[in-house]
Amino acid sequence: METVPAYDLLVRIQDTEPEIWRRLLVPETITIPELHRVLQAAFGWENRHVYGIRCVDRRGQPRMIVGPDEAAEDIDAEPASGVVLFELLDAQQTGPATLEYEYDFGDAWTHTFEVMGSAELPAGALLCVDGANRGPVEDSGGPYGYTRVIEVLADPGHAEHQDVSGWYTFATGHDAGTFDPHAFDLPALNRRLDGLAQRFWPEPPTEAEVNAVVRPVQWLLAQASPDGLQLTQDGYLKPAVVVQAMHELGWEYRWPGKANRESQTRPVLLVRQQLQAWKLLRKSKGRLVLSPAGRKTYDGGRKLWDYLADAVVFPPEQATAVVTGIVVTWMLDGSTPSWDRLQRIIADVLTVAGFRMKDGSAIPPEAGVDLYLDVRWTLECLQLTFPERKSSEESGLTDGGRKFLLQVQGLLSAA
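Residues numbered from 1 in each chain as written. Predicted model: local features only at pLDDT ≥ 70, side-chain atom pairs only at ≥ 80, totals over all residues. Heavy atoms only, no water.

Side note on unusual backbone geometry
Thought 1: With omega at 0 degrees, the peptide bond leading from glutamate 17 into proline 18 counts as cis.
Thought 2: Its place among the elements puts proline 18 in the loop between β1 (3-13) and β2 (20-27).
Thought 3: Residues other than glycine seldom take positive phi values, yet asparagine 47 does so here, at roughly 55 degrees.
Thought 4: Mapped onto the secondary structure, asparagine 47 falls in the loop between α1 (32-43) and β3 (51-56).
Thought 5: Positive phi, close to 60 degrees, is recorded for lysine 279, a residue that is not glycine. (Helix = DSSP H or I, 4+ residues; strand = E, 2+ residues; numbered from the N terminus.)

Topic: the packing of helix α6 (residues 207-223) against helix α8 (residues 266-277)
Thought 1: With their axes 10 Å apart at the nearest point, α6 and α8 run at an angle of 80 degrees to one another. The orientation of α6 relative to α8 falls into the category roughly perpendicular. Along its contact with α6, which presents Pro216, Val217, Leu220 and Leu221, the element α8 presents Val271, Arg272 and Leu275.
Thought 2: Taken together, the residues of the contact of α6 with α8 break down into six nonpolar, no polar and one charged. (Axes fitted to C-alpha atoms, helices over the stretch in contact; angles between N-to-C directions. Parallel < 35°, antiparallel > 145°, perpendicular 65-115°, else oblique. Contact = heavy atoms within 4.5 Å. Nonpolar A, V, L, I, M, F, W, Y, C, P; charged D, E, K, R; others polar.)

Focus: the environment of proline 181
Thought 1: Its place among the elements puts proline 181 in the loop between α4 (161-172) and α5 (186-200).
Thought 2: In this structure the C-alpha to C-alpha distance between proline 181 and threonine 147, which are 34 residues apart in sequence, comes to 9.7 Å.
Thought 3: Other than its neighbours up to four places away in sequence, proline 181 contacts Asn133, Arg134, Tyr146 and Ile150.

As for a positive patch on the surface
Thought 1: On the surface, a cluster of positive charge is contributed by Arg282, Arg295, Lys296 and Lys303.
Thought 2: Following the sequence through the fold, arginine 282 ends up in strand β10 (residues 281-284).
Thought 3: Note on arginine 282: relative accessible area 40%, which makes it partly exposed. (Patch = residues over 30% accessible without salt bridge, like charges linked within 9 Å, V, L, I, M, F, W, Y side chains within 5 Å. Areas by Shrake-Rupley, 256 points an atom, 1.4 Å probe, with all protein chains shown as cover. Salt bridge = Lys/Arg side-chain N within 4 Å of Asp/Glu carboxyl O. Lys, Arg positive; Asp, Glu negative; His and termini not counted. Charge placed at Lys NZ, Arg CZ, Asp CG, Glu CD. Buried < 20%, exposed > 50% of the residue type's maximum accessible area, 1.4 Å probe, protein only.)

Quick look at the pairing of β3
Moving residue by residue along a regular strand, the side chains alternate between the two faces of the sheet.
Thought 1: The sheet contact formed by β3 and strand β4 (residues 62-67) spans six bridges and is antiparallel. Within β4, the position partnered with cysteine 55 by the bridge is arginine 63.
Thought 2: Here β3 folds back onto β4, and the loop between the two strands holds five residues, one of which, glycine 60, carries a positive phi near 85 degrees.
Thought 3: Note: β3 against strand β6 (residues 95-103), four bridges, orientation antiparallel. Each residue of the ladder has a partner; that of glycine 52, found in β6, is glutamate 102. (Pairing = 2+ DSSP bridges.)

A look at the sheet that holds strand β11 (residues 287-290)
Thought 1: Across the sheet, which stays open at both edges, the three strands sit in the order β9-β11-β10 with antiparallel pairing between neighbours. Looking at the sheet topology across the chains shown, the edges are occupied by β9 (229-230) and β10.

A few points about the side chain of glutamate 28
Thought 1: Relative to the assigned elements, glutamate 28 resides in the loop between β2 and α1.
Thought 2: Despite its burial, glutamate 28 pairs with no opposite charge, the nearest such side chain being arginine 58 at 6.0 Å.
Thought 3: Setting aside anything within four residues of it in sequence, one finds glutamate 28 in contact with Pro5, Ala6, Tyr7, Val84, Leu85, Phe86 and Ala91.

Quick word on the confidence of the model for the protein
Thought 1: Put simply, the protein has an average pLDDT of 92, and 98% of its residues get 70 or more.
Thought 2: A low-confidence stretch, residues 390-394 stays under pLDDT 50, and its non-local contacts, those more than four residues away or across chains, total 10 contacts. (pLDDT = per-residue confidence, 0-100.)

A look at the nonpolar core
Thought 1: Judged by nonpolar contacts, the single largest core of 63 residues is most densely connected at Trp278 and Phe404.
Thought 2: Ranked by residues supplied to this core, first place goes to helix α11 (residues 318-333) with eight residues.
Thought 3: When near neighbours in sequence (up to four residues on either side) are disregarded, phenylalanine 404 contacts Val213, Trp305, Leu308, Ala309, Val312, Leu382 and Leu384.
Thought 4: Listed in part, the 50 residues of the second largest apolar core include Ile30, Ile32, Ile53 and Leu88. (Core = buried A, V, L, I, M, F, W, Y, C linked by side-chain atoms within 4.5 Å.)

Side note on the pattern of salt bridges
Thought 1: As enumerated under the stated definition, the model contains 21 salt bridges in all.
Thought 2: Its salt-bridge partner being glutamate 46, residue arginine 341 comes within 3.4 Å of it at the nearest N-O pair. Of this pair, arginine 341 sits in helix α12 (residues 339-352) while glutamate 46 sits in the loop between α1 and β3, placing them 295 residues apart in sequence.
Thought 3: Owing to a relative accessible area of 12%, arginine 341 belongs among the buried residues under this scheme.
Thought 4: With relative accessibility at 32%, the residue glutamate 46 sits in the partly exposed group.
Thought 5: Of the charged contacts, one joins glutamate 78 and arginine 63 as a salt bridge, the two residues approaching to 2.7 Å between their closest N and O atoms. Note that glutamate 78 is positioned in strand β5 (residues 78-79) and arginine 63 in strand β4, a separation of 15 residues in sequence.
Thought 6: Each member of the salt-bridge network shares a partner with another, and the members are Asp57, Arg59, Arg63, Glu78 and Glu87.

Written as structure tokens, this is what we have:
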């Protein structure tokens, strides 16, 4: 296996108690924006704020590097894009480094670096080898504010316990009773880093990954080939087909009960309706038959994968395309916010993008949520995630699912 030179870095968040730290292996050629995303994943940050790097580089020059680039322009700092970590750190000079990473200039979370030495990594990989304690809660007021949150949540009798518990639930979407400042899941973090590495250095999907992602769509197309599927008088798939779909697609875990009537079996109903919306199937004389596009793609493979990626990127409504971009980013980052924040974010983004209700008013949260659910249900028609996910992570994306969403994200950026 090909390997590349890497840094072995010990990164600590300054002034945290208990101390929050991670030991990371990253390629020497990693860029500062990429390093920023690694640190965001490593410490559980949500990438909501400006970040900066303060250091004396390998030539002895002091530098202040800020991202994203537009923020650097506002404060007359060096933009992060294009800067490579190799310019700033020497892997042979072990010990505390002059480099500091600050996240959220308001709360001022300072991450200090210690170079443990040089290392080798498999090409296209990122790795955390050790660490301790969960990352701070976003917007908790810096190290001392977060220490206060820990103290209050640990004391049910504290006068502020109820208020801080409510804030924690609002900020994270999790019950305050589950909060554990000492929690640290190394395998889960490395799964996030694996996903991040695939985003930085993408590889084309394998044939097996393609087939797995498109399988629900391809399965129903195959059932309708060549003569179509006879529908019930009410226009639904017949019970035998519904039962077969749930069994052969391994979807029993997704729906309780007998799951033998399409009108009462949402996973199958959504797939059938979505294939019609994607113009792969159509109804004709009481049967569900292949459309011209369905006849070209019914045998699956990369042709169907590409067709579906285009269909996701170019829905009939432009507002849906905007929300698709938001949802895809959240799924790739594993950072879908709490329900209350999700509603506000989507409504605000749509309003800022110029969308309005029929009476000219701003988009209300409930309308944004409807679009969010439409997009999620659309994506659930594909096999993007692991079935019956056991991990506590928000995103259970398979490698193929991640590659599909990266293709969608790229198409959205180019649109």
